[in-house]
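For reference, the chains in residue letters:
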Amino acid sequence: DAKTTQPNSMESNEEEPVHLPCNHSTISGTDYIHWYRQLPSQGPEYVIHGLTSNVNNRMASLAIAEDRKSSTLILHRATLRDAAVYYCILVSYGGSQGNLIFGKGTKLSVKP
Amino acid sequence: GAVVSQHPSRVICKSGTSVKIECRSLDFQATTMFWYRQFPKQSLMLMATSNEGSKATYEQGVEKDKFLINHASLTLSTLTVTSAHPEDSSFYICSARVAGTGNTGELFFGEGSRLTVL
């Protein structure tokens, strides 16, 4: 699976939007962009995923660059409960059973 | 959404004993489940892929005789840490994908099981 690059940490203020970047310059045409997050002492939680078009759901939005070499997870209004490690992961269609290979992720801190 | 449940959530055992961790998909069937391990302040590391009715596939460096995986049904996979030692102390997490959703759909994760070996 292609590799992703994320900042180690980011800070945000409560109630403000957060933009979490991810670079994946070696992405292939069949790679889906997935985002998961992990709260302390819990298993990861699915956030959103997309292929080419921007995606929205109740948790977040995913903005994918036109060349697909980068993407941004957008939390529209950060809350204290959004403090977590956010992982950007590429999953290849047709890849070996679709397991997720986790990088180091971005640790998001939210200040009240 | 779909729920994956792990049991026990915490376990403390003596060195040399074996510990079994269960992973259940509560409201869906999963032909494939994944087992991860996470050490403090580190990311998740894939240990093995568990396939219903067949042998698990282990990642390089993971001892299959030490970490026994059984996936006997479409809703249950178990991980047994045999002859546990303090260095096996870790957070073990399983995950599963709804059968038939392909290999790029959402993965559902359990709450994790924290193993402490004394």
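Residues numbered from 1 in each chain as written. Chains lettered and ligands numbered in written order. Predicted model: local features only at pLDDT ≥ 70, side-chain atom pairs only at ≥ 80, totals over all residues. Heavy atoms only, no water.

**Student:** Could you clarify how one ought to interpret the sheet that holds strand 8 (residues 84-92) of chain A in this entry?
**Tutor:** Whether parallel or antiparallel, the strands of a sheet pair through hydrogen bonds between backbone atoms. Residue and element names in this part refer to chain A. Spatially, 5 strands are ordered 1-9-8-3-4 in an open sheet, and the strand pairing comes out mixed. A strand with exactly one partner marks an edge of an open sheet, and here the two such strands are strand 1 (9-13) and strand 4 (45-50). Taken over all neighbouring pairs, the strand axes of this sheet differ in orientation by 25° on average, direction set aside. Of the pairings in the sheet, the one linking strand 3 (residues 31-38) to strand 8 comprises 8 bridges and is antiparallel in character. Paired with Trp-35 across the bridge in strand 8 is Cys-88. (Pairing = 2+ DSSP bridges. Helix = DSSP H or I, 4+ residues; strand = E, 2+ residues; numbered from the N terminus. Axes fitted to C-alpha atoms, helices over the stretch in contact; angles between N-to-C directions.)

**Student:** Please explain the pairing of strand 7 (residues 70-75) of chain A as it appears in this structure.
**Tutor:** Two faces belong to every sheet, and in a regular strand the side chains alternate between them. Residues and elements named next belong to chain A. Note: strand 2 (residues 18-23) against strand 7, 6 bridges, orientation antiparallel. Counterpart to Pro-21 in the pairing with strand 7 is Thr-72. By the bridge criterion, 4 bridges tie strand 6 (residues 61-64) to strand 7 in an arrangement that is antiparallel. Residue pairing for strand 7: Ser-61 is matched across the bridge by Ile-74. Joining the antiparallel neighbours strand 6 and strand 7 is a turn of 5 residues, in which Arg-68 adopts a positive phi near 65°.

**Student:** Help me understand the pattern of salt bridges, please; the structure alone is not making it clear to me.
**Tutor:** Opposite charge on two side chains makes pairing possible when the charged atoms of those side chains draw close. The final tally for this structure, using the stated rule, is 6 salt bridges over all chains. One salt bridge connects Glu15(A) with Arg77(A), and the closest N-O pair in it is separated by 2.0 Å. Taken as a pair, Glu15(A) in the loop between strand 1 and strand 2 and Arg77(A) in the loop between strand 7 and strand 8 lie far apart in primary sequence, 62 residues in all. Across the pair Arg24(B) and Glu22(B) runs a salt bridge whose closest N-O atoms are separated by 3.5 Å. For Arg24(B), a relative accessible area of 35% gives the class partly exposed. Glu22(B) gets classed as partly exposed once you look at its relative accessible area, which sits at 24%. (Salt bridge = Lys/Arg side-chain N within 4 Å of Asp/Glu carboxyl O. Buried < 20%, exposed > 50% of the residue type's maximum accessible area, 1.4 Å probe, protein only.)

**Student:** Before we go on, may I ask you to explain the environment of Thr104(B) in this structure?
**Tutor:** By secondary structure assignment, the location of Thr104(B) is in the loop between strand 9 (90-96) and strand 10 (108-109). For Thr104(B), a relative accessible area of 9% gives the class buried. Each C-alpha atom of the pair Thr104(B) and Gln6(B) lies 23 Å from the other, and the pair is 98 residues apart in sequence. When near neighbours in sequence (up to four residues on either side) are disregarded, Thr104(B) contacts Tyr32(A), His34(A), His49(A), Val91(A), Ser92(A), Tyr93(A) and Arg97(B). (Contact = heavy atoms within 4.5 Å.)

**Student:** Explain the environment of Tyr36(B) here, please?
**Tutor:** With respect to the element layout, Tyr36(B) can be found in strand 4 (residues 32-38). Put simply, Tyr36(B) and Ala48(B) are 12 residues apart on the chain and 7.3 Å apart in space, counted from C-alpha to C-alpha. At 2.7 Å, the side chain of Tyr36(B) forms a polar contact with the backbone oxygen of Leu100(A). (Polar contact = N/O pair within 3.5 Å; in protein donor to acceptor, adjacent residues only side chain to side chain.)

**Student:** Can you help me understand the interface of chain A and chain B in this one?
**Tutor:** When the parts of a complex come together, some accessible area is lost, and that lost area is often taken as the interface size. Contacts between the two partners involve 24 residues from chain A and, on the opposite side, 22 residues from chain B. Together, the buried faces of chain A and chain B total about 1,700 Å²; carbon and sulfur atoms form 52% of this surface. Remark: the boundary between chain A and chain B carries 0 salt bridges. Our enumeration of links across chain A and chain B arrives at 4 residue pairs in polar contact (both at pLDDT 80 or more). Elements that contribute at least two residues to the side of chain A that touches chain B include exactly strand 3, strand 4 and strand 8 of chain A. The element that contributes the greatest number of residues to the side of chain A that touches chain B is strand 3 of chain A, accounting for 4 residues. A per-class count over the side of chain A that touches chain B returns 10 nonpolar, 13 polar and 1 charged. (Buried area = accessible area lost by both parts, 1.4 Å probe. Nonpolar A, V, L, I, M, F, W, Y, C, P; charged D, E, K, R; others polar.)

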